[in-house]
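Residue-level listing of the chains:
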Amino acid sequence: MKDRIAQLEDYIMKHCLWQFHSRTWDRERQNEGVLGAATKILCDEPVANETREDRCYWVDAVCLAEAFENRYPWLHEMDTAEKKLLMQGLKERIDYTTITASLNKELTDHKY
Amino acid sequence: MPHHEFECSTTIPERKKHAVIKGAGEDLTSALPEGYLNTIPGSISERGCAYCGAKHVIGTPMKDVIHLSHGPVGCTYDTWQTKRYISDNENFQLKYTFATDMKEKNIVFGAEKMLKQNIIEAFKAFPQIKRMTLYQTCASALIGDDIGAVAQEVMEEMPEVDIFVCNSPGFKGPSQSGGHHTINIAWIKDKVGTVEPKITSDYVINYVGEYNIQGDEEIMHDYFKRMGIQVLSTFTGNGSYDDLRAMHGAHLNVLECARSAEYICNELRVRYGIPRLDIDGFGFEPLSDSLRKVGLFFGIEERAQKIIDEETARWKPELEWYKERLKGKKVCLWPGGSKLWHWAHVIHEEMGLDVVSVYTKFGHQQDMEKGIARCEEGTLAIDDPNELESVEAMLRLKPDVIFTGKRPGEVAKKIRVPYLNAHAYHNGPYKGYEGWVRFARDIYNAIYSPIHQLSLLDISKDEIPTDKGFATQMMFSDAALSEEAASASTQRQYTGKYDCVPDYMNKTYPDELKKKPVGAH
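On a predicted model such as this, the values are computed, not experimentally measured, just so you know.

Here is what the cut-offs are and how they apply
Residues numbered from 1 in each chain as written. Chains lettered and ligands numbered in written order. Predicted model: local features only at pLDDT ≥ 70, side-chain atom pairs only at ≥ 80, totals over all residues. Heavy atoms only, no water. Helix = DSSP H or I, 4+ residues; strand = E, 2+ residues; numbered from the N terminus. Rg over C-alpha atoms; globule rule 2.2 N^0.38 Å. Buried < 20%, exposed > 50% of the residue type's maximum accessible area, 1.4 Å probe, protein only. Contact = heavy atoms within 4.5 Å. Areas by Shrake-Rupley, 256 points an atom, 1.4 Å probe, with all protein chains shown as cover. Lys, Arg positive; Asp, Glu negative; His and termini not counted. Charge placed at Lys NZ, Arg CZ, Asp CG, Glu CD. Axes fitted to C-alpha atoms, helices over the stretch in contact; angles between N-to-C directions. Parallel < 35°, antiparallel > 145°, perpendicular 65-115°, else oblique. Left-handed = near helix turned anticlockwise from the far one by under 90°. Nonpolar A, V, L, I, M, F, W, Y, C, P; charged D, E, K, R; others polar. Core = buried A, V, L, I, M, F, W, Y, C linked by side-chain atoms within 4.5 Å. Buried area = accessible area lost by both parts, 1.4 Å probe. Salt bridge = Lys/Arg side-chain N within 4 Å of Asp/Glu carboxyl O. Polar contact = N/O pair within 3.5 Å; in protein donor to acceptor, adjacent residues only side chain to side chain. Patch = residues over 30% accessible without salt bridge, like charges linked within 9 Å, V, L, I, M, F, W, Y side chains within 5 Å. 1 Å grid on protein atoms, 1.4 Å probe; cavity = no way out; pocket = protein on both sides within 12 Å on 5 of 7 lines; lining within 4 Å. Points joined across faces, edges and corners; volume = space filled by probe spheres on them. Pairing = 2+ DSSP bridges. Right-handed = clockwise from strand over helix to strand, strands pointing away. Phe/Tyr/Trp six-rings, centres within 6.5 Å; stacked < 30°, edge-to-face > 60°. Lys NZ or Arg CZ within 6 Å of the ring centre and 35° of its normal.

1. A few points about the overall build of chain B
Here's step 1: Looking only at helices and strands, one finds 23 helices and 14 strands in chain B.
Here's step 2: For 521 residues, the compact-globule estimate of 2.2 N^0.38 gives 24 Å, and chain B sits close to it at 24 Å.
Here's step 3: Taking the principal axes of the C-alpha coordinates as reference, chain B spans close to 75 × 65 × 50 Å.
Here's step 4: Across the 521 residues that make up chain B, the buried fraction comes to 60%.
Here's step 5: When contacts within chain B are restricted to residue pairs at least 6 apart in sequence, long-range pairs at least 24 apart make up 75% of them.
Here's step 6: Counting every atom, chain B has about 20,600 Å² of accessible surface; 53% of that belongs to carbon and sulfur.
Here's step 7: Charge centroids of chain B, computed over 61 positive and 74 negative side chains, lie 2 Å from each other.

Next comes the structure, spelled out in structure tokens:
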């Protein structure tokens, strides 16, 4: 599982920008919004995309889920429970790298 | 932390925390340099000041505006014309620059009266222009001239004009990035919401952090318009002052350079509920992903896919020709801020280049996070390098080319390293599919230039070959290629025009794409 999470993390780090917003609260919201929606898409669950904000997370999530499915064939062999566990682990890892263990000293600046 | 200490900077120990090497197994939790701090005394920084960041980077690309600096003439002269952000009104904002030309007597007696005279004179000299941005400088800020009050006075006397006051003197921040911040916040606070947007499509975006360097904005607008999307405003390349006052009318902010413009996107989200979508306009795959995302947002993803398919079919064979010849070449990716992460991964993936170093002059740790995340292992990442450090890095890493600004670029040439202008470009645009091929062509021409090959010879000690005559880039680039690779019929060199921008500017688009199909959400 750890190795698979590392592969997904590497994809996000090299191809995505949504995880690097400027403040801690932004990153928490972004990671939850995009990875939460991507998890639902991968598990064939409905995703809210009615409001503009939800839709913005949704478009990043759709592209992320498609890239994961195209690049990592082992994902197709996983059942829903395994996928949820995988994505939960990925979310924890992205939160760790971009927020809790981040060395970026501007994350807690209260102004934009 | 895998810090790197430059030999030339051992007398400035604080500098050690500003460079790291991303080693095996390193990630952002262990390898990130310090960033966006005051320049260390003794280190000759290459950064611009906060006035430069506000005026030169963000303010001046606005096209229908008199850009007047209240200060010594040198401030405005040194921030004039070196970034080629063209516009479709005959480059008014590039042709002319305005300054009050403060002298010592103004420092002693004040310069508000002179400022008012200058504003009126400038409007009279260009009666077709009714908008002005007024920039504070260190000199006028230190004597306490109230430029806001003067602007207000003029607007009361001349109700047909509108003036934006940018209070970002050079000392207001560690680098030009401080000026980016100030002008972003001032614009949304003072100007956004003061003009009603003219909506012409069911799909409306602001294109933010895009400065139309050599036509980047024109090439990206083409894709948006082919999808039926109205670009309500561009912040700020080729942007119109009044369009930018109406930014609040968009459905989505599409953000390119987060370093210079994320502030206004964040505020537009908080104040007007307009979400922010970060995109990459550089590189085939990142651009395709970006267009797909914008299409998906509006439910018109099939239009995006059509553009992706057409453009990829047209330009991919040309990109592949250059990739074949650029594989394994070493690059120091040393731009100002955002291009270190826009380009770090995609020039490796799509052109085969190896990025051996990234640096940022004025970026924040956030930019380094993005850049280091996208680099391969072994990359040297430097924050705010001084000239000696840059030279030491080039001598150690031996890059085949560097992408940087014109000042460090000229230094590189002196030690026989070719450079490409990462800020103003050589033969842009570089965005879009065609632009990306033009970038590859410029890299190829820089690395394999016959003149550059000659410059590697030192006439004071090297033997000068007299049996070799005329040479071309291909004689150098194809020497090491297999016959099959050199003659691949599926690949070709760039076949676009010398100046590709007018064709994009003169295109027309069907109006029916601007309306949602019946039954669509």
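2. Notes on the packing of helix 8 (residues 176-190) of chain B against helix 11 (residues 258-272) of chain B
All names here are of chain B.
Here's step 1: Across the interface, helix 8 lies against helix 11 with an axial gap of 8 Å and an inter-helix angle of 30°. With respect to their mutual orientation, helix 8 and helix 11 come out roughly parallel. Where helix 8 crosses over helix 11, the handedness of that crossing is right-handed. Here S177, H180, H181, N184, I185, W187, I188 and K189 of helix 8 come into contact with helix 11, specifically with R259, S260, A261, E262, Y263, I264, E267, L268 and R271.
Here's step 2: Each residue belonging to the contact of helix 8 with helix 11 can be placed in one class, and the counts come to seven nonpolar, five polar and five charged.

3. Section: the nonpolar core
Here's step 1: Counting residues in hydrophobic clusters, the biggest one holds 136 residues, and the most contacted among them are F68 of chain A together with W343, I347 and F403 of chain B.
Here's step 2: Here this core gets eleven residues from one element, more than from any other, and that element is helix 3 (residues 52-71) of chain A.
Here's step 3: Excluding residues within four positions of it along the chain, I347 of chain B makes contact with V331, L333, G352, L353, V355, F403, W436 and F439 of chain B.
Here's step 4: Core analysis: the second largest hydrophobic core is formed by 21 residues, L68, V161, I163 and V165 of chain B among them.

4. Quick word on the interface of chain A and chain B
Here's step 1: With 33 residues of chain A at the contact, the number on the chain B side is 45 residues.
Here's step 2: Both sides together, the interface formed by chain A and chain B hides about 3,400 Å², and carbon and sulfur atoms give 53% of it.
Here's step 3: Our enumeration of links across chain A and chain B arrives at eight salt bridges.
Here's step 4: The shortest N-O distance in the salt bridge between E285 of chain B and R71 of chain A comes to 2.9 Å.
Here's step 5: Linking chain A with chain B are 16 residue pairs in polar contact (both at pLDDT 80 or more).
Here's step 6: Here the side of chain A that touches chain B takes eleven residues from helix 3 of chain A, the largest share from any one element.
Here's step 7: Within the side of chain A that touches chain B, the residues separate by chemical class into 14 nonpolar, six polar and 13 charged.

5. Some details on the pattern of salt bridges
All names here are of chain B.
Here's step 1: What the rule picks out here adds up to 50 salt bridges over all chains.
Here's step 2: Linking K316 and E320 is a salt bridge whose minimum nitrogen-to-oxygen distance equals 3.9 Å. With a gap of four residues between them, K316 and E320 both fall in helix 13 (residues 301-326), about one helical turn apart.
Here's step 3: Owing to a relative accessible area of 26%, E320 belongs among the partly exposed residues under this scheme.
Here's step 4: A salt bridge links K413 to E410, with the shortest nitrogen-to-oxygen separation between them at 3.4 Å. A residue pair is termed a helical-turn pair when its members lie 3 or 4 positions apart in one helix, as K413 and E410 do in helix 18 (residues 406-414) at three residues.

6. Observations regarding a nonpolar patch on the surface
Here's step 1: Together, I451, L454, L457, I459 and I464 of chain B make up an exposed nonpolar region whose accessible area comes to about 520 Å².
Here's step 2: Inspection of the secondary structure assignment puts I464 of chain B in the loop between helix 20 (450-455) and helix 21 (473-477).

7. Notes on the environment of I143 of chain B
Residue and element names in this part refer to chain B.
Here's step 1: Mapped onto the elements of the fold, I143 is located in the loop between helix 6 (138-142) and helix 7 (147-157).
Here's step 2: Assessed through its relative accessible area of 28%, I143 is described here as partly exposed.
Here's step 3: Each C-alpha atom of the pair I143 and A111 lies 8.8 Å from the other, and the pair is 32 residues apart in sequence.
Here's step 4: In this structure, I143 is in contact with M102, N106, I107, G110 and A111, ignoring residues within four places of it in sequence.

8. Here's the deal with the layout of surface pockets
Take a probe with the size of a water molecule and roll it over the atoms, and the empty space left behind shows itself.
All names here are of chain B.
Here's step 1: There is about 910 Å³ of room inside the largest pocket.
Here's step 2: Contributing to the lining of the largest pocket are 50 residues, with H56, V57, K83, Q176 and H423 lying nearest its centre.
Here's step 3: Within the residue set of the lining of the largest pocket, elements represented by two or more residues are helix 1 (50-59), helix 2 (73-77), helix 8, strand 6 (204-210), helix 11, helix 14 (339-343) and helix 18.
Here's step 4: Here the residues of the lining of the largest pocket are counted per class, giving 18 nonpolar, 20 polar and twelve charged.

9. Remarks on the sheet that holds strand 9 (residues 276-278) of chain B
Residues and elements named next belong to chain B.
Here's step 1: Read across the open sheet, the four strands follow the order 7-6-8-9; overall the sheet is parallel. Unpaired on one side and paired on the other, strand 7 (230-236) and strand 9 mark the two borders of the sheet. Taking the axes of each pair of neighbouring strands and ignoring which way they run, one obtains an average angle of 25° across the sheet.
Here's step 2: Pairing geometry for strand 6 and strand 8 (residues 252-255), over four bridges, is parallel. Of the residues in strand 8, the one forming a bridge with V208 is L255.

10. Describing the pairing of strand 7 of chain B
Residue and element names in this part refer to chain B.
Here's step 1: Summarising burial for strand 7: seven of the seven residues are buried, a large majority.
Here's step 2: Relative to strand 7, strand 6 is paired through six bridges, and the arrangement is parallel. Bridged to E210 within strand 7 is T236.
Here's step 3: In this view, the connection linking strand 6 to its parallel neighbour strand 7 by way of helix 9 (residues 216-226) has right-handed handedness.

11. Notes on the packing of aromatic side chains
All names here are of chain B.
Here's step 1: With the rule as written, the count across this model stands at 29 aromatic pairs over all chains.
Here's step 2: A centroid spacing of 5.4 Å and a plane angle of 55° characterise the contact between W436 and F439, whose relative ring orientation is tilted. One end of the pair, W436, and the other, F439, are both in helix 19 (residues 432-448), three residues apart, so they sit about a helical turn from each other. F439 shares its class with W436; the two are buried.
Here's step 3: Three or more aromatic residues joined by ring pairs make a cluster, and in this case those are F282, W343, F403, Y425, Y430, W436 and F439.
Here's step 4: For R325, the ring lying beneath its charged end belongs to W321, and the centroid distance is 3.7 Å.
Here's step 5: Over the ring of W341 we find K370, and its NZ or CZ is 3.8 Å from the ring centre.

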